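# Topology and contacts: notes
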Amino acid sequence: MSLAEKYPEEIKRILAKYPPEHKRSALMPLLYLAQREKGYVDNHAMNEIAEMLEITPTEVAAMIGFYTLYHGEPAGKLRIQVCVDLPCALRGADKFLADLCANLGIEPGGTTADGLVTVEPVMCLAACDKAPVFQTQGPDGIAYHENMTVEKTMQLVEALRESGKEVK
Amino acid sequence: MAHILLRHRDIPDISNLEVYKKNGGFEAFKKAVTKMDPGDVTQVVKDSGLRGRGGAGFPTGMKWLFMDRDNWPHYVVANADESEPGTFKDREIMENNPFQFLEGVAIASYAVGAHAAYIYLRGEFWPVAAWLDEKIAEMEKAGYLGEKLFGTNYSLRIYTHLGAGAYICGEETALLESLEGKRGQPRLRPPFPPAYGLYGKPTVVNNVETLTNVPLIIANGADWYKSMGTADSAGVKIFSLSGRVKKPGNYELPFGTTFRQLIYEYGGGIIDDRPVKAIMAAGASSSIIKVDDQALDTPMDYASVRTLGADLGSASVIVIDDTVSMDWLLNKTIHFFKHESCGKCTPCREGNYWMLHLIERIHGGTGSAEDVELLKSVAKQIQGKCLCALGEFSTMAVVSAIERFPEDFKKAVHS
Ligand SMILES: Cc1cc2nc3c(=O)[nH]c(=O)nc-3n(C[C@H](O)[C@H](O)[C@H](O)COP(=O)(O)O)c2cc1C
Ligand code: SF4
Ligand code: FES
């Protein structure tokens, strides 16, 4: 199904935010819409967005390459993005990441064998006073998880495994 | 003292429209639109001494005056990209005191004759954007946004726009490119946004905290605002305190508060009561201040911090104690800038590539004294040759750490 068939209302709302002669501005919100379901933007969606905004598919692909929150490839159902930037690292973030990965049996950047979660180290998330902190990026959007422990994180993963839904 | 920006700490439900109204909410916007000329609004903000809180400290009223009046429409863009490591103040404002920020956007828009304003939020603020969308809808319903406001001819719409994970999009011209649906790469300047901004039209770009000051300045006047802070830095500032302190967090304090007060009175001192070794006052983009008594007693205002060979920037104070070695720290900052360089100019792109290579060697224990010298010289070669300030930022910690903490690097290359 095309995006236009799946999300007619959302697309209308997005396009209404920008002057009609500058509809290219809708590109970023449309990419979020396109990766909502599967966690990445597939070729179909790329071509459809390009057509909608009267730009080339290459220009759309370049955007996905430039911005880290757009994905051109599938990964785990839920991305756990752990901040290991300087202020968090001063409060134990590196150890949190290492311990979490060890518990899940993966390397940083890796995905669990069942395809459920991917753990990625990321830069500052504007929550430096609440380290260890990570964001989850999944079908339900993006959410903050602050003052975390490995134990609490494993519970979150277990709950996701059982229910298929993220617990916030 | 009651808070001026973090008012939710005194009035917990201030994100509720009725509560905000009961506490003077939207009075300033109404007064501006119904009783003041746009020029008068700008004048009050100029007289208040308000300077931009996004890092550069540019006088806000002056920026509004620069808007090209022969080219229309005009736009206001709120910079909510907040990606400098150590900065987490705009998020607290938007999550807890959203209406005061939105009222600030509205007053700025009226002052420069804009009928559309965009809030550019970093992609990670996805839940914050959804929340602001709700608040904007409430304002529209209550008649504070939309057509013919307060019975005048003035109309205004505010829209949110999400970025997607790129620090460089905090730089105002990269932000505008991104808002136009392009890759976030800075533009050549001049022309500056008040002459050539969004869609090539005159645009004011202001930080969230800057704009959140505006309603109370219009309500209480320039003299009230100037009575706080110091001569060169008027008013209050939110200091984001992070690193090796017992109580990290945001602290809204008058400019001129000392580092010692922030760290010990508010931050509860250092973890395990160790000594402070260094301070980065402007996040990862800082020159590193070597701490002694004199540094600790320095007032935090733009001019005083400069006497320490550093900048106050966005006042994201990262505290470093004596358990931290500077080669470890540079490994973090260089990783960040290497990752965030947009790649448009060679010195920044290649320089950060080489700096990363060198610091990994030095920090990894296989580096030599020559590598440390080379690292410093690569940093110096980046300086002054870049299209935007990120290139410059990427060198600040490197040069200052090597010059001010030589013993750390001696140890790193000998171990
Ligand atoms: C690399 C880089 C990143 C920046 N990031 C931000 C940011 O996240 N938020 C912000 O308000 N300003 C940021 N700035 C500063 C903006 O370019 C601009 O000066 C500011 O938004 C102007 O608003 P103000 O005058 O209210 O401070 C950044 C600048 C550079 C060079
Ligand atoms: S200095 Fe760096 S971030 Fe700025 S434009 Fe050049 S390459 Fe891009
Ligand atoms: S450094 Fe981790 S949230 Fe800022």
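Each value, and the rule that gives it
- Residues numbered from 1 in each chain as written.
- Chains lettered and ligands numbered in written order.
- Predicted model: local features only at pLDDT ≥ 70, side-chain atom pairs only at ≥ 80, totals over all residues.
- Heavy atoms only, no water.
- Helix = DSSP H or I, 4+ residues; strand = E, 2+ residues; numbered from the N terminus.
- Buried < 20%, exposed > 50% of the residue type's maximum accessible area, 1.4 Å probe, protein only.
- Contact = heavy atoms within 4.5 Å.
- Areas by Shrake-Rupley, 256 points an atom, 1.4 Å probe, with all protein chains shown as cover.
- Near = heavy atom within 4 Å.
- Polar contact = N/O pair within 3.5 Å; in protein donor to acceptor, adjacent residues only side chain to side chain.
- Nonpolar A, V, L, I, M, F, W, Y, C, P; charged D, E, K, R; others polar.
- Domains from an automatic or database assignment.
- Arc of directions from axis to C-beta.
- Core = buried A, V, L, I, M, F, W, Y, C linked by side-chain atoms within 4.5 Å.
- Phe/Tyr/Trp six-rings, centres within 6.5 Å; stacked < 30°, edge-to-face > 60°.
- Lys NZ or Arg CZ within 6 Å of the ring centre and 35° of its normal.
- Buried area = accessible area lost by both parts, 1.4 Å probe.
- Salt bridge = Lys/Arg side-chain N within 4 Å of Asp/Glu carboxyl O.
- Pairing = 2+ DSSP bridges.
- Axes fitted to C-alpha atoms, helices over the stretch in contact; angles between N-to-C directions.

### Quick look at the overall build of chain A
For chain A, the helix and strand inventory stands at 8 helices and 4 strands. Taking the principal axes of the C-alpha coordinates as reference, chain A spans close to 50 × 35 × 25 Å. For chain A, buried positions account for 55% of its 168 residues. For chain A, the share of sequence-separated contacts (at least 6 apart) that also reach a separation of at least 24 residues comes to 56%. When the accessible surface of chain A is summed, it comes to about 7,500 Å², and 53% of that surface belongs to carbon and sulfur atoms.

### Let's talk about the site of ligand 1
All names here are of chain B. Close to ligand 1 lie 19 residues, the nearest being Gly54, Asn79, Asn206, Asn207 and Thr210. A distance of 2.9 Å is found between an oxygen atom of ligand 1 and a side-chain nitrogen or oxygen belonging to Lys63. Between ligand 1 and the protein, one listed contact pairs an oxygen atom with a side-chain N or O atom of Asn79 at 2.9 Å. Coverage of ligand 1 by the protein amounts to 91% of the 620 Å² it exposes when considered alone. Listing elements by their share of the shell around ligand 1, those giving two or more residues are β4 (203-207) and α17 (389-404). Tallied by class, residues from the shell around ligand 1 come to 5 nonpolar, 8 polar and 6 charged. Taken domain by domain, the makeup of the shell around ligand 1 includes at least three residues from each of domain 1 (7-226) and domain 3 (326-412).

### Some words on the site of ligand 2
Taken together, 13 residues sit near ligand 2, with B:Cys342, B:Lys344, B:Cys345, B:Cys348 and B:Cys388 positioned nearest. Of the residues that constitute the shell around ligand 2, the class distribution is 9 nonpolar, 3 polar and 1 charged.

### Considering helix α3 (residues 27-34) of chain A
In terms of residue burial, α3(A) counts as a mostly covered element, since 8 of its 8 residues are buried. Burial in α3(A) covers these residues: A:Leu27, A:Met28, A:Pro29, A:Leu30, A:Leu31, A:Tyr32, A:Leu33 and A:Ala34.

### Looking at helix α18 (residues 406-414) of chain B
Residue and element names in this part refer to chain B. Those residues of α18 not exposed but buried are Asp408, Phe409, Ala412 and Val413. On an axial view of α18, the arc spanned by its buried residues comes to 120°, and they lie on one face. For α18, the exposed residues lying more than 90 degrees away from the buried face are Lys410, Lys411 and His414. Buried residues in α18 make contact with β7 (276-284), α14 (326-340), α15 (346-364), α16 (369-382) and α17.

### So, the nonpolar core
Residues and elements named next belong to chain B. With 182 residues, the main nonpolar core has Phe101, Ile119, Leu121, Leu330 and Leu375 as its most contacted residues. Filtering out sequence-adjacent residues up to four positions away, Phe101 remains in contact with Ala78, Ile93, Met94, Ile119, Leu132, Val208, Leu211 and Thr212. The next biggest cluster of nonpolar side chains, apart from the first, holds 26 residues, and it includes Phe259, Ile263, Val276 and Met300.

### Things to note about the packing of aromatic side chains
The tally for this structure, following the rule as stated, stands at 23 aromatic pairs over all chains. Relative to B:Tyr154, the ring of B:Tyr110 lies with its centre 5.2 Å away and its plane at 85°, an arrangement referred to as edge-to-face. With B:Tyr110 in helix α6 (residues 98-112) and B:Tyr154 in the loop between α7 (126-141) and β3 (157-162), the pair connects residues that are 44 residues apart, well separated along the chain. Per residue, the accessibility class of B:Tyr110 equals that of B:Tyr154, and both read buried. Geometrically, the ring pair formed by B:Phe255 and B:Tyr302 is tilted, given 5.4 Å between the ring centres and 40° between the ring planes. Linking B:Phe255 in the loop between β6 (249-254) and α11 (259-266) with B:Tyr302 in helix α13 (residues 302-306), this pair joins segments that are 47 residues apart in sequence. In this pair, the class of B:Phe255 matches that of B:Tyr302, namely buried. Every member of this aromatic cluster is reached through a ring pair, and the members are B:Tyr20, B:Phe26, B:Phe29, B:Phe99, B:Tyr144 and B:Phe150. Against the face of A:Tyr144 rests B:Arg91, its NZ or CZ located 3.7 Å from the ring centre.

### A look at the domain arrangement of chain B
Residue and element names in this part refer to chain B. Assigned domains within chain B: domain 1 (7-226), domain 2 (236-321) and domain 3 (326-412). Placing a centre on the C-alpha atoms of domain 2 and another on those of domain 3 gives a separation of 23 Å. Sorting the residues of domain 2 by area buried against domain 3 places Ser285, Ile288 and Lys290 first, and these three jointly supply 48% of that buried surface. Counting across the domain 2 and domain 3 interface gives 2 salt bridges.

### Quick notes on the interface of chain B and chain A
The interface is formed by 58 residues belonging to chain B together with 39 residues belonging to chain A. For the interface between chain B and chain A, the tally reads 2 salt bridges. Between the two partners, chain B and chain A, sit 22 residue pairs in polar contact (both at pLDDT 80 or more). Among the elements of the structure, β2 (114-121), α7, β3, α8 (172-179), β5 (236-243), β9 (316-321) and α14 of chain B are those that each provide at least two residues to the side of chain B that touches chain A. Looking at the side of chain B that touches chain A element by element, the count peaks at 8 residues for α14(B). A per-class count over the side of chain B that touches chain A returns 28 nonpolar, 18 polar and 12 charged.

### Some thoughts on unusual backbone geometry
At the junction of B:Arg189 and B:Pro190, the peptide bond is cis and its omega measures out at -5° in the coordinates. Among the secondary structure elements, B:Pro190 is positioned in the loop between α8 and β4. The phi dihedral of A:Ala126 falls on the positive side, at around 65°, and the residue is not glycine. Among the secondary structure elements, A:Ala126 is positioned in the loop between β2 (117-122) and β3 (134-138). Despite not being glycine, B:Ala315 shows a phi value in the positive range, around 60°. Locating B:Ala315 in the fold gives a position in the loop between α13 and β9. Looking at B:Ala315, the relative accessible area reads 0%, which means it is buried.

### A few points about the sheet that holds strand β4 (residues 141-145) of chain A
Residues and elements named next belong to chain A. The sheet built from 4 strands is open, its strands ordered β2-β1-β3-β4 with mixed pairing. The outermost strands of the open sheet, each flanked by one partner alone, are β2 and β4. On average, each strand axis in the sheet is tilted by 20° relative to the strand beside it, whichever way the strands run. The strands touched by helix α7 (residues 93-104) are β1 (78-83), β2 and β3; relative to β2, the strand with the most contacts, the crossing angle is about 165°. The strands touched by helix α8 (residues 150-163) are β1, β2, β3 and β4; relative to β1, the strand with the most contacts, the crossing angle is about 170°.

### Overview of the sheet that holds β4(B)
Paired through backbone hydrogen bonds, the strands of a sheet run either parallel or antiparallel to each other. Residues and elements named next belong to chain B. Pairing in this open sheet of 4 strands is parallel, and the strands run β3-β2-β1-β4 from one edge to the other. Among the strands making up the open sheet, the edge pair consists of β3 and β4. Shown here is a sheet whose adjacent strand axes are inclined to one another by a mean of 20°, direction ignored. When strand β1 (residues 74-80) meets β4, the two strands line up parallel, connected through 5 bridges. When the bridges of β4 are listed, Val76 appears paired with Val204.

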